[in-house]
Amino acid sequence: MVAIKAYYDGKYFVPLDEMKFRPQQTAIIVVEDDVLSEKTSSCRGLASAYAKPELIQFEEELIATTFSGK
C-alpha cells in the first residue's frame with residue numbers, strides 16, 4: 001500500500017506527485033476535513049469530534065511540565 005497526496009479538482013482526485021496506476025486499480029481515499037466546527041476549531045485530527053477544547057490549556061501545561069525535567 002502506498003500513501004499519496006492529491007487534490008480534488010471538482011470531478012477527480014489528482015495526485016500531487018507523478019504516479020503510475022494500473023487500469024481498474026482500486027484505492028482507498030481519505031479526505032482531510034478542512035472545515036472545522038466552532039467547538040473543535042482549535043482541535044485537529046481524527047479525534048477532534050471527541051476532543052474537549054476546554055482541556056487544551058491543561059494538556060499543554062501538563063506536557064510542558066512533563067518534558068521540562070522538573
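All figures in this text were calculated on a predicted structure; none of them were measured in a lab.

A. Structural context of the overall build of the protein chain. Helix and strand counts for the protein chain come out as 1 helix and 2 strands. Of the regular secondary structure in the protein chain, the N- to C-terminal order runs β-β-α. Within the span of the protein chain, comprising 70 residues, buried residues form 4% of the whole. About 7200 Å² of surface is accessible on the protein chain, with carbon and sulfur atoms providing 57% of the total.

B. Structural context of unusual backbone geometry. The backbone of Gln24 shows a phi angle near 70°, a positive value even though the residue is not glycine. Assignment of secondary structure puts Gln24 in the loop between strand E2 (13-15) and helix H1 (56-67).

Definitions and limits used
- Residues numbered from 1 in each chain as written.
- Predicted model: local features only at pLDDT ≥ 70, side-chain atom pairs only at ≥ 80, totals over all residues.
- Heavy atoms only, no water.
- Helix = DSSP H or I, 4+ residues; strand = E, 2+ residues; numbered from the N terminus.
- Buried < 20%, exposed > 50% of the residue type's maximum accessible area, 1.4 Å probe, protein only.
- Areas by Shrake-Rupley, 256 points an atom, 1.4 Å probe, with all protein chains shown as cover.

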